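Letter by letter, the chains look like this.
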Amino acid sequence: MAEWQHLVDHLADELVQRGQLTDPLWQNVFRQTPRHLFLPDRDLADAYANDAVVTQQRPAPVAGGEPMLLPTSSASAPSAVAVMLDRLEVQDGDRVLEIGTGTGYNTALLCGRLGDDHVVSIDLDPDLVDTARTRLAELGFGPRLVARDGTDGVPDGAPYDRILATCAVTQVPPAWIRQLAPNGRLVAPLHGAADAALMVFDKTADDEVTGRFDPELTSFMPLRPQLGNPLVDGGTIGWAVPLMAADGTTTLDPVVMVDPDPDLALFVHLHIPSLAVFTTDVSDGPRTISVGDSTAVAEVNVDPTSPGVWTVHQRGPRRLWDTVEHAVWLWGHLGKPRRDRYGISALDRTDRQYIWLDDPYGPYSWPLPL
Ligand SMILES: C[S@@+](CC[C@H](N)C(=O)[O-])C[C@H]1O[C@@H](n2cnc3c(N)ncnc32)[C@H](O)[C@@H]1O
């Protein structure tokens, strides 16, 4: 037996044991698909570890600084791949659109399960698509591969019974909703500070999908608009350092924002999408925790000035820490909602997409940001 076969069986056994690869049909496909073929620069042990493998990086512009390398493509962690394929709930004969071909490994799994004539996959990067095409052909697969911005889907292959995004979105692109068949299923990671959130949608009307958050955490790089810029909004890394400063105090221990409970992170994300959190440990100065988004920034001193009181310095048109403080309080007040208490309603209009708590018509809902 080939060495890779032992390794893939071991990996598949691990995923089965963790409850992440439950369907026997998918189990067979996993065991028959050589992941190392899609990761030729890695040794076999790396190719069959349950880890994401970054395969491409590009420099992102940084405000007032050197560009920073960010990952722009990877082979996703096998556990994330397995969970997303499971949530897709494919049936024999389904036609699937994958957004984010990347290495082509996930495409190979889809071809193995459904047949290559039932799979369409799109990636922004033509070089990745060419390479994936070659590797898939080595396995005898010739699915339709498209090199273009996947935000618009692939209209001339629609409708699709299933759409799988392997890059994270801030909203559900309207084209995906339109191209999903009646009763279709759409699986996509949510981008932002809570990018460990996985969304699972069903098509509930011609112009609507309705979804929920999966209990499994998955983290994905964003769907980006430009080939040359890895950032989701095509912008620049770095916080605006606006004027309008305000000094004050807070009764919220800032440490709560360091490695927060993932469900708290999701709740804060609903209030401040794409909030970044940094800890600064300056040996000769104050240790601070900073939070920021593209408009505002707040710095909180980790050492309290008196028991239960911390100093906070906020800059920008929005008092960011006040919003964090409110969100953390509200999360506790609402009984620390777990992610299974939310629903997501998305029309094929970007200004009509909401996440709601418990009840779509209840008092708590948040728009998915543009
Ligand atoms: C995590 S990787 C995909 C992993 C892939 N499914 C695999 O098995 O190797 C995310 C991919 O999304 C692609 N991507 C990012 N923005 C995109 C866009 N607007 N349209 C299509 N693909 C995009 C990236 O080029 C990258 O290859």
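Residues numbered from 1 in each chain as written. Predicted model: local features only at pLDDT ≥ 70, side-chain atom pairs only at ≥ 80, totals over all residues. Heavy atoms only, no water.

### Focus on the overall build of the protein
- Helix and strand counts for the protein stand at nine helices and 17 strands.
- Relative to the compact-globule value of 21 Å for 370 residues, the protein shows a C-alpha radius of gyration of 22 Å, a close match.
- Taken along the three principal axes of its C-alpha coordinates, the protein extends 65 × 45 × 40 Å.
- Sequence separation of at least 24 residues holds for 57% of the intrachain contacts in the protein that already meet a minimum separation of 6. (Helix = DSSP H or I, 4+ residues; strand = E, 2+ residues; numbered from the N terminus. Rg over C-alpha atoms; globule rule 2.2 N^0.38 Å. Contact = heavy atoms within 4.5 Å.)

### What about the domain arrangement of the protein?
- Domain annotation for the protein reports domain 1 (3-213) and domain 2 (245-333).
- Computed over C-alpha atoms only, the centres of domain 1 and domain 2 are separated by 35 Å.
- Contact residues are listed per partner, giving seven residues for domain 1 and five residues for domain 2.
- Taken together, the two surfaces of domain 1 and domain 2 that pack against each other cover about 440 Å², and 80% of this comes from carbon and sulfur.
- Summed over the shared surface of domain 1 and domain 2, the number is zero salt bridges.
- Counted by class, the side of domain 1 that touches domain 2 contains five nonpolar, two polar and no charged residues. (Domains from an automatic or database assignment. Buried area = accessible area lost by both parts, 1.4 Å probe. Salt bridge = Lys/Arg side-chain N within 4 Å of Asp/Glu carboxyl O. Nonpolar A, V, L, I, M, F, W, Y, C, P; charged D, E, K, R; others polar.)

### Section: the site of the ligand
- Among the 26 residues in the neighbourhood of the ligand, the closest are listed as S73, T103, D123, D149 and G150.
- Contacts to the ligand include S74, whose backbone N or O atom sits 3.2 Å from an oxygen atom.
- Residue L124 places a main-chain N or O atom 3.2 Å away from a nitrogen atom belonging to the ligand.
- Protein burial of the ligand: of its 610 Å² of free accessible surface, 99% is covered by the chains. (Near = heavy atom within 4 Å. Polar contact = N/O pair within 3.5 Å; in protein donor to acceptor, adjacent residues only side chain to side chain. Areas by Shrake-Rupley, 256 points an atom, 1.4 Å probe, with all protein chains shown as cover.)

### Regarding the pairing of strand β15 (residues 342-347)
- Across the six residues of β15, five count as buried, placing the element largely inside the fold.
- Where strand β9 (residues 208-213) lies against β15, four bridges are found, and the strand directions are antiparallel. Within the sheet, the bridge partner assigned to V209 lies in β15 and is A346.
- Taken together, β15 and the strand that follows it, strand β16 (residues 353-357), pair antiparallel across an intervening segment of five residues. (Buried < 20%, exposed > 50% of the residue type's maximum accessible area, 1.4 Å probe, protein only. Pairing = 2+ DSSP bridges.)

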